[in-house]
Structures are given as C-alpha cells and as structure tokens.
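# Per-entry structural report
Letter by letter, the chains look like this.
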Amino acid sequence: MSEVFKGSFTQQEPIPEEGIEAAIAVMRSGRLHRYNTVPGEVAETALLEQEFAALLGVKYCLAVASGGYAMATALRAVGVKPGDQVLTNAFTLAPVPGAIAAVGAVPVFVGVTENLVIDLDDLAAKVDQADVLLLSHMRGHLVDMDALMAICDASGITVIEDCAHTMGAAWNGVASGTQGKVGCYSCQTYKHVNSGEGGLLITDDAEVAARAVMLSGSYMMYEKHLAGPPKEAFETIRYETPNISGRMDNLRAAILRPQLRDLEARCERWNERYFEIEKGLRDTPGLMVIERPEKEKIVGSSIQFLLKGWSAEAVDEVLKRCLKRGVELKWFGGAEPIGFTSRYDSWRYVDAPKMPESDKVLAGIVDIRVPLTFSLEDCALIARIIKAEVSTVYQAAH
Ligand SMILES: Cc1ncc(COP(=O)(O)O)c(C=O)c1O
C-alpha cells in the first residue's frame, strides 16, 4: 500500500489565546474604529504600528485593510500617477499588478530566474521605462538586494517592496522591507501573521508616511498615531491628499499583536518544516530544488521546486498522482490560472510582450504551502510522496 497524506494544506493554527482575549476586550469596549478612543486610551491599531516599527527598526508604520491596499497606497504616496509605468515581477501574485492597476498605472514586467527571483539583467535593461519598481519577494525568495538596490539607486528608481511572503526574513542581516523606500506586508490568513485580512506599510520617509496616513483615511486625526510622522509633515499634504479609506480596525490589531511578539519563533518553526521537505526532495531525478543563498534568511511558509523542461502532460501526471495520495501541488505552468497560480500572461488587462526565458521557468514551478499545523513527520511524508511520484513519471519518460 502506498502512503497517503491526510492533512490539510490550508489549515492555519488558531489565534493565540492572548489575541482572542484582547479581541474580546475590544469587542466589549465597542470601540473598534482606530480613532474611537476614550481620553488616555491608546488604540490597539496604534500600538500594533508602534510595535511593528520597533521590530523592524524603522520610523513609521501604518496598519491598513490589506496587503494590496498597502501597495496601492505606497505607489500613490511616492507619486505614481495614472498612466505611469511601474516595473514589477513577471512571477508574482495577482494583487501586485492589481495594485499598480488600482492607481491607473501600467505594469511593466521583469523576468524571473531559475532561483525564482527577479532577473537583474532584465531589470537593468528596463530601468529607463519607469521611475518606480514594485518588487515582489514572491514565495519568500529574496534577490541579491545589494545588487538590486545598486541598479535602482544608480537609475533613480524608487523601490517599493512587497513583503507579503517575507515578514521575518532578511537579506545579509537587513530585514526584508527596509531597503526600499516603502515596505508592504499582508496579514491575510495564509501569511506570517493572521488577521484574516490586513496589511502593514513601513517607511523612514516622513512625507511618504504622512501621505499614506492621509490616504488611508485618517480624516484629521493623524496625531493619534504612535508610529506616524510629526505633525509638521502633514502641514500641506493634508489639504492635497485624497481620503481613500482603507484603515485597519482595533479588532484585527488586537489579534495581530501577540502573533508579532511570537514572529521569530514561528519563523523558526516554518523553517524546520521547509528544510525537512527540502531534504526529502533532494536527489530526485528530474526535480530541481531551489538553492537558497547564504545571505538569505528565509521564512519557509511555502516551498517550490522546478520540473525544468518537462512537458505539460508529464507535470499534470505528477500533480494527479500526488493529489491521489493527498498531496496538493500548485503549478504555475498550467494553461489556466487556478487559485493563486496566475502569472504575467494571465493578467490580460496589461498588454505585456511575451517573455520566453521566464516562460521556461514559470512552466516548471511547482509550489506547496507549508502551514505550521504540519508536523515534521507530515513534511517528511509529503516529500516521500512527491519524490516517489516525480521519479515514477520521470523514469517512464526517460
Ligand atoms: C505576493 C503577494 N503580494 C501581495 C499580496 C497581497 O496581500 P492581500 O491579500 O493582503 O491584499 C499577496 C496576497 O496573497 C501576495 O501573495
């Protein structure tokens, strides 16, 4: 009898008791709106922002309704206007080009390498097409950030980092999200902290922070922020920045604060699971493990491998065989976008030229979620199943 995995790839851990209690206290108070405080009270949302800014060692933080909202707000706050072109990854998730479209701007896609990071040669070739790069650390893979910042600094490109998959990660000891002008994070259920929906935006730039606060809908209550810029930063922009409401509420912030305090430990647990799967996948014929650079501190909340040069039929066969044994693989090379696996040519509101080199990589990317509800034994089992099925299909074809 072949082994079957019985767990769920989408089951997150419960909210910590401390978060549940804090959420109940917020509900009992009735003051869920971030600016609805009694004298002397500091809102959970303001505390969350203060704590996240301290965790990353940055000046300003704003909590918002989603990661996508954080990115669109960041684009507006750095001055992107309708019709502008914005560079971004060909390999990312739909909310990234979606944020660019939300501000009326036009994505210009930059290719992906076999290490699943943005292609720096392609980036260097396209720097004259835009003033802003919305850089997605897709599936937690960090490009050589020193090299990327050198290219962007030399060309005057403003970098906004999409850290939906890299909260807690670092490049060469520098926290992900702190190298660009703005870092954007998601607190949606499958991310590293879970409030169902939610986002965080960080920056050291007072004007960008003030614009973001006004955009998110602070009315004129920005002085209630603990991690906001000084009052003077709002002097002129408060009249010229539209209110595009997307605030976070106190209930979500209450749930998130204890999770943030535990972030480091949670990241270690993800990595134990990630490396257990990676270990099991190594030396599988036809399967390429993505080697992680030494300078990268990862948070392994998902794992990818490449079936490079495989036919679509053969990859499909692997997917089917694994699914029969309870292992749900996601494939970025499928003919149709399914769930989260869309790619640059799925977003047809953009008139994007074909990218043959990236297409070759995308055609082979297979992805697995790694929730913390998996035990290490689960991870070893999942890897054994994938290894067996990939080997079978590979050997039949060779
Ligand atoms: C790579 C990436 N960027 C950004 C986001 C946006 O996050 P949200 O769903 O909070 O808008 C997601 C969410 O799925 C994502 O996967």
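The following paragraphs examine the structure supplied in this document.

Cut-offs and rules
Residues numbered from 1 in each chain as written. Predicted model: local features only at pLDDT ≥ 70, side-chain atom pairs only at ≥ 80, totals over all residues. Heavy atoms only, no water. Helix = DSSP H or I, 4+ residues; strand = E, 2+ residues; numbered from the N terminus. Rg over C-alpha atoms; globule rule 2.2 N^0.38 Å. Buried < 20%, exposed > 50% of the residue type's maximum accessible area, 1.4 Å probe, protein only. Contact = heavy atoms within 4.5 Å. Areas by Shrake-Rupley, 256 points an atom, 1.4 Å probe, with all protein chains shown as cover. Lys, Arg positive; Asp, Glu negative; His and termini not counted. Charge placed at Lys NZ, Arg CZ, Asp CG, Glu CD. Pairing = 2+ DSSP bridges. Near = heavy atom within 4 Å. Polar contact = N/O pair within 3.5 Å; in protein donor to acceptor, adjacent residues only side chain to side chain. Nonpolar A, V, L, I, M, F, W, Y, C, P; charged D, E, K, R; others polar. Patch = residues over 30% accessible without salt bridge, like charges linked within 9 Å, V, L, I, M, F, W, Y side chains within 5 Å. Salt bridge = Lys/Arg side-chain N within 4 Å of Asp/Glu carboxyl O. Expected span 1.5 Å × (residues − 1). Axes fitted to C-alpha atoms, helices over the stretch in contact; angles between N-to-C directions.

### Focus: the overall build of the chain
Broken down by element type, the chain carries 13 helices and 14 strands. In terms of C-alpha radius of gyration, the chain reaches 21 Å, essentially the compact-globule figure of 21 Å for 398 residues. By the burial criterion, 54% of the 398 residues in the chain qualify as buried. For the chain, long-range pairs separated by at least 24 residues make up 72% of all intrachain contacts whose partners lie at least 6 apart in sequence. When the accessible area of the chain is evaluated, it comes to approximately 16,600 Å², of which 52% is carbon and sulfur surface. Taking the 40 positively charged and 53 negatively charged side chains of the chain as two groups, their mean positions are separated by 5 Å.

### As for the sheet that holds strand S6 (residues 170-171)
Ordered by their spatial adjacency, three strands build an open sheet running S7-S6-S11, and the pairing between neighbours is antiparallel. Two strands close off the open sheet at either side, each with one partner strand: strand S7 (174-175) and strand S11 (296-297). Where S6 and S7 come together, two bridges link them in antiparallel fashion. By the bridge assignment for S7, Trp171 is matched with Val174.

### A few points about the environment of His33
Within the element layout of this structure, His33 appears in the loop between helix H1 (17-29) and helix H2 (44-56). With sequence-adjacent residues up to four places away left out, His33 is seen in contact with Tyr219, Arg247 and Asn250.

### Structural notes on the site of the ligand
Contacts to the ligand come from 15 residues, most closely from Gly67, Gly68, His165, Ser186 and Lys191. One nitrogen or oxygen atom from the main chain of Gly67 is found 2.7 Å from an oxygen atom belonging to the ligand. Between an oxygen atom of the ligand and a main-chain N or O atom of Gly68, the distance comes to 2.7 Å. For the ligand, the protein covers 90% of the area, taking 380 Å² as the surface of the free molecule. Listed by contribution, the elements that provide at least two residues to the shell around the ligand are helix H3 (67-77) and helix H4 (95-102). For the shell around the ligand, the per-class residue count stands at five nonpolar, eight polar and two charged.

### Side note on the pairing of strand S14 (residues 365-369)
S14 sits mainly inside the fold: four of its five residues count as buried. The sheet contact formed by strand S12 (residues 302-306) and S14 spans five bridges and is antiparallel. When the sheet's bridge partners are listed, Gln304 is paired in S14 with Asp367. Summarising the sheet, strand S13 (residues 330-331) and S14 pair through two bridges and their orientation is antiparallel. When the bridges of S14 are listed, Lys330 appears paired with Asp367.

### Quick word on a nonpolar patch on the surface
A grouping of Ile20, Ile24 and Met27 is seen on the molecular surface, where their side chains present a nonpolar patch of about 240 Å² in accessible area. Within the secondary structure layout, Met27 lies in helix H1.

### Overview of helix H9 (residues 250-261)
If you check H9, its first and last C-alpha atoms are 17 Å apart, about what 12 residues at 1.5 Å a residue would give, namely 16 Å. Of all 12 residues in H9, nine are buried; the element is thus mostly enclosed. What H9 keeps buried is the set Asn250, Ala253, Ala254, Ile255, Leu256, Arg257, Pro258, Gln259 and Leu260. Where H9 is buried, its residues meet H1, H2 and helix H10 (263-281). Backbone nitrogen of Leu251 and a side-chain oxygen of the N-cap are separated by 3.1 Å at the start of H9; the cap is Asp249.

### A short note on the side chain of Lys191
Mapped onto the elements of the fold, Lys191 is located in the loop between strand S8 (182-186) and strand S9 (199-203). Despite its burial, Lys191 pairs with no opposite charge, the nearest such side chain being Glu197 at 7.9 Å. Here Lys191 is in contact with Gln12, Ala164, His165, Ser186 and Trp270, once residues within four sequence places are set aside.

### Brief notes about the environment of Ala105
With respect to the element layout, Ala105 can be found in the loop between H4 and strand S3 (106-110). The spatial distance from the C-alpha of Ala105 to the C-alpha of Val86 is 6.8 Å, given a sequence separation of 19 residues.

### Points about the pattern of salt bridges
Here the structure, examined in full by the defined rule, presents 28 salt bridges. A salt bridge links Asp249 to Arg252, with the nearest nitrogen and oxygen atoms 3.4 Å apart. Taking the relative accessible area as the measure of exposure, Arg252 reaches 26% and is therefore partly exposed. The residue Lys354 makes a salt bridge to Asp345 at a minimum N-O spacing of 3.3 Å. Note on Asp345: relative accessible area 23%, which makes it partly exposed.

### Considerations on the sheet that holds S14
Within a sheet, adjacent strands bond to each other through the backbone by hydrogen bonds, running parallel or antiparallel. The strand order S10-S12-S14-S13 describes an open sheet built from four strands, whose pairing is antiparallel. Strands at the two margins of the open sheet, each flanked by one partner only, are strand S10 (288-289) and S13. The strands touched by H10 within the sheet are S10, S12 and S14, with S12 carrying the most contacts at an inclination of about 20°.

### A short note on helix H13 (residues 376-397)
For H13, with 22 residues, the first-to-last C-alpha span of 32 Å sits near the 32 Å given by 1.5 Å per residue. Listed as buried for H13 are Cys379, Ala380, Leu381, Ile382, Ala383, Ile385, Ile386, Glu389, Val390, Ser391 and Val393. Residues of H13 that are buried sit in contact with H10, S12, helix H11 (312-324) and S14.

### What about unusual backbone geometry?
With a phi angle near 70°, Leu116 is a residue other than glycine that sits in the positive phi range. Along the chain, Leu116 falls in the loop between S3 and helix H5 (120-126). Assessed through its relative accessible area of 2%, Leu116 is described here as buried. Located in the positive-phi region is Tyr219, a residue other than glycine, with phi close to 50°.

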